[in-house]
Structure formats: C-alpha cells, structure tokens
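Overview (structure and organization)
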Amino acid sequence: MSHPATPPAARGGAFVTTRWSCVLEARGASPAARAALGELCAAYWSPVFRFLCCEGRSEDIARELTQEFFARMLAGDSLAHADPAQGRFRSYLLGAVKHFLADQRQREGALKRGGGTTTLPLPGPGDTEVTGCGEIADVTAMVPDSYFDRQWAFTLMDRALTRLAEEMAADDKSTQFNRLKPWLVGDALALSQSEAARELRLSEGAVKVAIHRLRKRFREILREEVAQTIPAGTDISGELRYLVEVLATG
Amino acid sequence: MNTQLNLNPCPQCGTPIPGDAPQGLCPRCVLARAATPTEGGSPAGGRLVAPALEVVAAAFPTLEILELLGFGGMGVVYKARQPQLGRLVALKLLPQSLGADPAFAERFQREARCLARLHHPNIVNVYEFGQSGGFCYLLLEYVDGVNLRQAMQAGRFSPKEALAIVPAICGALQYAHEQGVLHRDIKPENILLDTQGTVKLADFGIAKLLREPGDTHAELTLTQTGSRLGTPHYMAPEQVENPGSVDHRADIYSLGVVFYELLTGELPLGRFAAPSAKADLDARVDAIVFRALAKERELRQQSAGEVRTDVEGLSQAQPPGAGGSRAVSDAAPNPWPHRLFWLLLGLVVLPVAAVIAAILAPILMKGGVRSFGGLIVALVPMVAGAALVLGYRQSRPGAAQAQPRAAWNPWPRRVFWSVIGLVVLPGLLIVIGLIVPIVAFRQHPLPPAIDSSLPEAADGGLPNPLPAPNAKLPAVLPAGPSGPSPSARKRQLAGEQLEMLRKQAEVGLVAPRGQEILGAERDLAVAEAEVRGDAAAVAAARLTYANSILAIMQRLFDNGKVSASELYSAKTAVADAEIASQQFPPAGTNTVTPLPR
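Each helix and strand in chain A was counted, giving ten helices and zero strands. The order of α-helices and β-strands along chain A, N terminus first, is α-α-α-α-α-α-α-α-α-α. In chain A, of all internal contacts separated by at least 6 residues, the share reaching a separation of at least 24 is 72%.

Put into structure tokens, the structure is as follows:
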C-alpha cells in the first residue's frame, strides 16, 4: 500500500479556534465558517478516503470519489440544517459520506436508466441515519461505522503526533522526539531509559523529565485536536473515551 | 501515516500494532494513555479549586502570572515571572481561608522566615513570602522539571539512578537538620528533578506550618479543601502516633519509604519484600533500607548523613558490573559482621565468664554462703545469654521492628539464625555454667558439716576422726619433719569449721551458741590441747563441752526439737568424757596440765 495522498494543508496545520463550533454557529454560511470547514475537511480527508477504499474500490477511484465528495460538501449549503447544540464533525462527516455514496449509487442507476440527476441534501450533524434511501443503504452496510471511527482515531493521533514532532523540531529536539516517542505508549516497555539517556547525552533523570513532558504535551495537543471537531462545551474526555473504546473493540 | 505492514506486538498491550498505525505506535495504548486524567497536578479529590489567573494576577501586580503548574504542598502553584529580575518563579498560594486566620498568619511568618534561610543546591529556595490579596504566599525557585512521582510514572528507576538520587536528598536533609529544620512530609511529590537531573527538595516544613499541634483550624480547613495532610505511607510511626515528639529521624523513615519505592516501584506495606528480591540489587542495600525503615527511631540511621555514607559506601565498594554483585552479596549479607561479633562473644567470652564464675563459686561456698554462690553460678550464664540475645537482635538492622522482620530475607536463614541466637547459645551457656561448677565441686568437696544431707551431729563428735583420747596420745604428738602433724591439721580443720559456722550463725543458719558451734569450739580446744600434748586438757575440754552440749540438747529435747536418741548420745558423750577425765587429777577445767614425761 502506498501512502495516501493526504493534502499538504492537512499535515500539522494547527487550528487556532474551535473550527467545528465556528462552522456550526455560522451554519456554514460565513466565509470564516467555510474556511474552517475547508480546513477540517482537509484534516480528516484520510478517514473518508480509507472508508471509500474499504468498499473494494481501487485507490485511484477512491481518491477521485473522495475529491468529489469534499468538493460537493464544500460547495453545498447542507450545513444550514446543522444544529450547533449537538453533533460532532466525525458523525457529520460519516453521515455525509454515506449519503454521498447513496446518492452516487442512485445517480449511477438513474444514468443507466437514462434518467435525470436529482441530488439529495446532505444530512445535518448527528444525523447518522441516511433517511429516505433505505433501498441503497446496504451499499455501506458491509463497512461498519466503527471502521470509519477507527480511521478517524488514527488520523487524530497522527495529527497530534505530527504537531508534537513539529514543535520538538522547532526546539531542535527532533532526535529526542524520535528516541523517546515509544514511551508515549506506556510504561511496560522493555526499552532501556539508560540507553536512551546515553544516546541523547542526558542524565537518566533528565530523560524521565523529558518523557513526562512529551506525554503531557501530547495529551494537551490531542485534546486540542479533539476540541476542534466537537461543538463548544462538549466533553473532550467523552469523545476521547469513545475513540479508545472503538480502538479496543476493533 | 505509516502504512507498512507491521506485525509487531505492542510492548504495552501485546496486541499486534496495525500496519497503518501512526508512527508505528500502538494507537490503542497511545490514546488510552492520553485519555486518562493527568498524572499528579490535580487537586486531591478534585475539590480544591485554583483561583483564576486573573485573580492571582490582580493579587500580585509585580508578577507576570504565566500558568497554573499544579496542586501540591497543600496549596496551588503557579508559574510566574519577575519582570524586573527576568527570572521565572513558582508562586505557591496557601488556601485563602488560612490567610484569614491571624494565628495562622503569625505562625506562617515565623516558619517562612526559617525556611527562607535554607540555601542548598538540593533545596528549592524560598525567595520571598508574605500575604497579598488575602493569600498567604511563598515565592519559590522555579524548578524546570518534574517530581519523583511523575518521574516514576515515566519509567521505573534503575538501581543506579535510585542510588544516585538518594545521596542528594540526604545532603539536603542533613543540611536542613543542622539548621534545625525538619521536612516532615518527604514523599515523591515533594522531591523534584530538573531537566539536568538535579534533585531539589521542596516544601520544607510546610507540613508543620499547617499542622501546628493544638491548632485544629488549619487542619480542618485543609481537609475541607481536599488537600491531603501528608500521606500516611511516608510518615514515621511516631509521626502518626505522637506528632509532637518527632525529630529528624522521622524524615529518615520517610526517606526510607521513598528509597524503597524508587528501588521497587512499590510502597513498603505489610509483609514487604526486600528490595533485592524485587530488583537487581546489591543485597547490602536491603540493610540500609530496612534500617531507615526501623519502627523504633533509635534503630534507624541517626542522621541523613549516615544514610548518605551508607549508600555512597555501596557504590565505592561495588564493582561497576551489576551482574556479579548479587552472587557476591548473597554469600556475604550485610549484617554478617555484626552476627559474627556476637557469635564470637557468645562462643568465647561468655564461656570464659562462666568458667570464672564456676571457679569463684566454690570459694564463696567454702566461705559458707552456699545459696548465694549457687545463685551466681546460675545467674552468670543467664545474664550472659540474655546479653547475647539482645545484642544479636540489635545487630540485625530493623530486626526489632515488626515489618522488616516479617519481610526479612529467605525464611530458612532467618529461622536458623533466630534459633541459634535465641535458643542454642543461651542453652549452651547455661549448661556450661552448670557443668563446670559441678565438676569443680567434685574435686574440692565441701566440708561435710554443712551438707544438710548428712545427719547433724548432736554432740559434734561425729566429724571427729580421732578416737577417744587415751594414754596413747603422746604417740601421735611428735610432729613429723615433713608437713604439719595430724594434730596440727586437725586443729586447722577445726578452726576453719568454727569460722564457717560462725559466718553461718551471722546469717542465721545456725544458733550463735548452738550445739554445732559448741561442737566446733570443742574440736578446736581438743585439737589445740593435742598439739600441745596436754592429755588432761583434752579430757577437760571434752568434759566441759559435753556438759554444755548436753544442756542444750536437753532443752531442745524438752521442746521436742531433737529425738531421745540424740539426747542419749549427748549423755553418753558426757559419761565418756567423765571416764576419760578420771585419769587426771582434778584441776581447773581449762587449766593446762603438762603431760608427765
């Protein structure tokens, strides 16, 4: 498998404000909201792409479909229906993908029958059920929602790690990051801290300090990233816990 | 994203890491770890609410309040900057309710002044203290690092690291103790490690500040705020039982707990194992840790400097290779020299003492104080045994306290030494102490007169080996050229007997003028007369004393103290003496009459 062509804008682009809240508040109408949505879509391009791949399409076709999906989503005004009080970007995106696929299938079928093209509106956030198109919902049935959520968690983790790596690089600590990142996993490592200390020319105590800092900063960044995708005031820990559960059961 | 097929299991959870896991790290573990609440730095019980940055900034206009660092040391700590000095500081705010209490405020001033005097490379400096905006505050040196708790969470300390950290803590403690300041709340949260790996002790004396005896207010307030008043696991037993009596050795106990935790990753609770059983350690470390953890503070190291010396002694004497150290240390456990000393004492010195006692005993008995001598013979090995057991127990570090003894290394060895120390050696000593005197007594039998197993001689005649004096007496008179004559020896024996009986009379064992003493006096008088060759005096003495003894026996018989046959013997003795004296012309009873030659 080759590396998916993640748009460069998505890599490590730190959000300044809570993007999804911004999108929800403006119902996608303001230029700022459109920009925020654009950034979010770029950031979470990968779960959509992988979800589409998983249905048995080739990577090229999946990539084309993904581009088309985002293009339509960003052009559409479906967010007018979005309710700021509920719904996460994750749920919204999954619902939109499913809807897009259903619509795609319907169009393909209609074209075969020589019919016109009618587009259905994108669902609102939290509206994970693709209503009104029951006969084609089974298109995505073979790919469970949890697969999308798993990919989402991977992307989230990747974003946080990339940001952390960039921060460390800015402090001229790339070597330290690469050497110490295994400790982000936990304590039960057979890895020797004294060896790492020797390689990094630090005392063992200093390595412990560095590991603690790395973990703390990673936690902060991860929470910031989660915060970008959920409505303001929503429990960040709750969303993180959900993703941990998805990974544990997957 | 890394999309390589990755079949490596996660070192943490053991499940295969997905091929597309970011950076090849197990997403499950990374996210699970990040999703758990932050380590440390959170208020105990979540009830302590940190004042907002703006509130703090308003109370401290000369400081730039940068961020909340965490909760600890019974207060909230902020990172701040002193713009004028351009240095970072840590601002510790004590609960606001305390600042409102004038008694606390006064004590705070007093204690903080003490703390501000401590300057040591391993102690967090107190720059400033006081009250501002209703807060009692301490302005502290900012330590760019983590506390030991967080460091332990980042990974267990290697023995080498732990052994490097402890001396630094000891140095700081020793310094503070010399300044008369106790820490009172040593625990991993109060030991900081900066980015250079330097150890810094924080929160000196804060525990006392907030826990002045008799002041329940501070304690109450803090408990209400949810701040923990020191964790019992790190507190010395006397600190829990009698907080008013603690001295610097309470800090040494707490240090012992931290030391144990650094080495093993666990607290020394219940039947805890020796550190060397938990980590690849020189077993001599066990002795140091157990000693610091002794329940009785008298048994602990008596200063932090002593702990430091012990720990540093390990690294100096130990070759750098850690692998071989264990085998060596198993063969020579640390308490061994002490045991050897006490065993030598038991096997050599104490038996010698017992033998001396055994030699002394007959001499004492010869003097007549029989029961006293016997007591000494019995007591010496017993006292010696007790001293041995006591010394043996004390020579084992921490042996006298419940916990470490329970956790003392392998059972068989422990039992073996306990049996040797407590049973075999004292038993052996007592046996030696008893056998030697018995053998000694057999070689120097006691005079029969004091042996109660022999019938009492009512007339004192029985011990007299001489036949009744008669005309043949002169035949024995000439003294041989070599050695004393039989008569002279008899006189000497009689003198000794009399002397001994008089001593017995002094302690009430015999009557001062009883038949025993009269009998002995008679024997002496007879022997003296025989030495002189004065047969008449012999007969006279016999007659005189026989009459006196008869008088006593008659009285005793009248009182039912002696039997008729004993009275009869006394009467016969008088009759015999009269017959003997008839050979000589009547004269003064004690008049010396020269034998005709």
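A count of helices and strands for chain B gives 23 helices and eight strands. Counting over 597 residues, chain B shows a buried share of 41%. Residue pairs at least 24 apart in sequence account for 64% of intrachain contacts in chain B once pairs closer than 6 positions are excluded.

Facing the 34 residues of chain B at the interface are 36 residues of chain A. In terms of residues, the side of chain B that touches chain A owes the most to one element, helix α1 (residues 27-35) of chain B, which gives nine residues. Of the residues in the side of chain B that touches chain A, the class split is 18 nonpolar, twelve polar and four charged.

Moving on to helix α22 (residues 535-558) of chain B. Its 24 residues place the ends of α22(B) 34 Å apart at the C-alpha level, agreeing with the 34 Å of an ideal helix rising 1.5 Å per residue. Of the residues trailing α22(B), Gly560(B) is marked for its positive phi of about 75 degrees.

A word on the pairing of strand β5 (residues 135-141) of chain B. Residues and elements named next belong to chain B. Among the seven residues in β5, six count as buried, and that is most of the element. Where strand β4 (residues 126-132) lies against β5, six bridges are found, and the strand directions are antiparallel. Within β5, the residue paired with Ser132 across the bridge is Phe135. Counting the residues between successive antiparallel strands, the hairpin from β4 to β5 contains two residues, one of them, Gly133, with a positive phi of roughly 55 degrees.

What follows is about the sheet that holds strand β6 (residues 145-147) of chain B. The strands that make up a sheet are held in pairs by hydrogen bonds between backbone atoms, and each pair lies either parallel or antiparallel. Residues and elements named next belong to chain B. Spatial strand order, β6-β7-β8: three strands in an open sheet with antiparallel pairing. Each edge of the open sheet carries a strand with a single partner, namely β6 and β8 (199-201). Across the sheet, the mean angle separating the axes of adjacent strands is 30 degrees when strand polarity is ignored. In this structure, strand β7 (residues 191-194) lies alongside β8, joined through three bridges in antiparallel fashion. For Leu193, the partnering residue across the bridge sits in β8 and is Val199.

Residue and element names in this part refer to chain B. Strand direction decides the pairing type here: β6 and β7, joined by three bridges, are antiparallel. If you follow Gly145 over to β7, its bridge partner there is Asp194. Linking two consecutive strands that pair antiparallel, namely β7 and β8, is a turn of four residues; a positive phi of about 85 degrees is found at Gly197 within it.

Here we take up unusual backbone geometry. Phi is positive for Asp172(A), close to 65 degrees, though the residue is something other than glycine. Secondary-structure assignment places Asp172(A) in the loop between α6 (145-170) and α7 (174-180). Residue classification places Asp172(A) among the exposed residues on the basis of 8 C-beta atoms within 10 Å. One non-glycine residue, Arg184(B), lies in the positive phi region at around 75 degrees. Counting through the fold element by element, Arg184(B) comes out in the loop between α6 (159-178) and β7. When the 24 C-beta atoms within 10 Å are taken as the criterion, Arg184(B) is described as buried.

With that out of the way, let us pick up the packing of helix α21 (residues 515-532) of chain B against α22(B). Residues and elements named next belong to chain B. Taken N-terminus to C-terminus, the directions of α21 and α22 make an angle of 175 degrees; their axes are 9 Å apart at the nearest point. Comparing their axes, α22 and α21 come out roughly antiparallel. Along the contact surface, α21 presents Gln515, Leu518, Gly519, Glu521, Arg522, Ala525, Val526, Ala529 and Glu530, while α22 presents Ala537, Val538, Ala541, Arg542, Tyr545, Ser548, Ile549, Ile552 and Met553. Here the contact of α21 with α22 is built from residues that sort into eleven nonpolar, three polar and four charged.

Residues and elements named next belong to chain A. Two elements in contact, helix α9 (residues 204-228) and helix α10 (residues 236-249), have axes separated by 9 Å at closest approach and are oriented at 100 degrees. The angle between α9 and α10 falls in the class roughly perpendicular. Note on element contacts: α10 touches α9 through Ile236, Glu239 and Leu240, opposite Arg223, Val226 and Ala227. Grouping the constituent residues of the contact of α9 with α10 by class yields four nonpolar, no polar and two charged.

Residues and elements named next belong to chain B. With 160 residues, the main nonpolar core has Leu31, Leu91, Ile169 and Leu255 as its most contacted residues. Residues in contact with Ile169, not counting those within four places in the same chain, are Asn122, Ile191, Val199, Leu201 and Leu255. Residues Met500, Leu518, Val538 and Ile549 belong to the second largest nonpolar core, which totals 31 residues.

What follows covers the confidence of the model for chain B. All names here are of chain B. Across chain B, the average pLDDT comes to 74, with 66% of residues at or above 70. Averaged pLDDT values over the elements of chain B bottom out at 36 in helix α14 (residues 323-331) and peak at 93 in helix α10 (residues 248-264). Low pLDDT, under 50, characterises residues 395-411; the predicted model gives this stretch 41 contacts beyond four residues in sequence or across chains.

Residue and element names in this part refer to chain A. Put simply, chain A has an average pLDDT of 75, and 72% of its residues get 70 or more. Predicted confidence for residues 1-16 stays below pLDDT 50, and this span has 24 contacts to residues more than four positions away or in other chains. Under a pLDDT of 50 for its full length, residues 125-140 has, in the predicted model, 30 contacts with residues more than four places off or in other chains.

For the rest of this paragraph, the subject is the environment of Val146(B). Residue and element names in this part refer to chain B. If you trace the backbone, Val146 turns up in strand β6. Residue class for Val146 comes out buried when judged on the 26 C-beta atoms lying within 10 Å of it. Val146 sits 48 residues away from Asp194 along the chain, and the two C-alpha atoms are 6.4 Å apart.

The next thing to look at is the environment of Phe135(B). Residue and element names in this part refer to chain B. Looking at where Phe135 falls in the secondary structure, it is placed in strand β5. The class of Phe135 is buried, set by 22 C-beta atoms lying within 10 Å. Spatially, the C-alpha atoms of Phe135 and Val56 are 9.1 Å apart, while their sequence positions differ by 79 residues. Beyond its immediate sequence surroundings of up to four residues, Phe135 is in contact with Ala59, Leu93, Leu94, Gln96 and Gly99.

Let's shift gears to the environment of Ile435(B). Inspection of the secondary structure assignment puts Ile435(B) in helix α18 (residues 411-443). It is 9.6 Å that separates the C-alpha atoms of Ile435(B) and Val355(B), two residues lying 80 residues apart in sequence.

Analysis parameters
Residues numbered from 1 in each chain as written. Chains lettered and ligands numbered in written order. Predicted model: local features only at pLDDT ≥ 70, side-chain atom pairs only at ≥ 80, totals over all residues. Helix = DSSP H or I, 4+ residues; strand = E, 2+ residues; numbered from the N terminus. Contact = placed C-beta atoms within 7 Å. Buried ≥ 20, exposed ≤ 12 C-beta atoms within 10 Å, placed from the backbone. Nonpolar A, V, L, I, M, F, W, Y, C, P; charged D, E, K, R; others polar. Expected span 1.5 Å × (residues − 1). Pairing = 2+ DSSP bridges. Axes fitted to C-alpha atoms, helices over the stretch in contact; angles between N-to-C directions. Parallel < 35°, antiparallel > 145°, perpendicular 65-115°, else oblique. Core = buried A, V, L, I, M, F, W, Y, C linked by C-beta atoms within 7 Å. pLDDT = per-residue confidence, 0-100.

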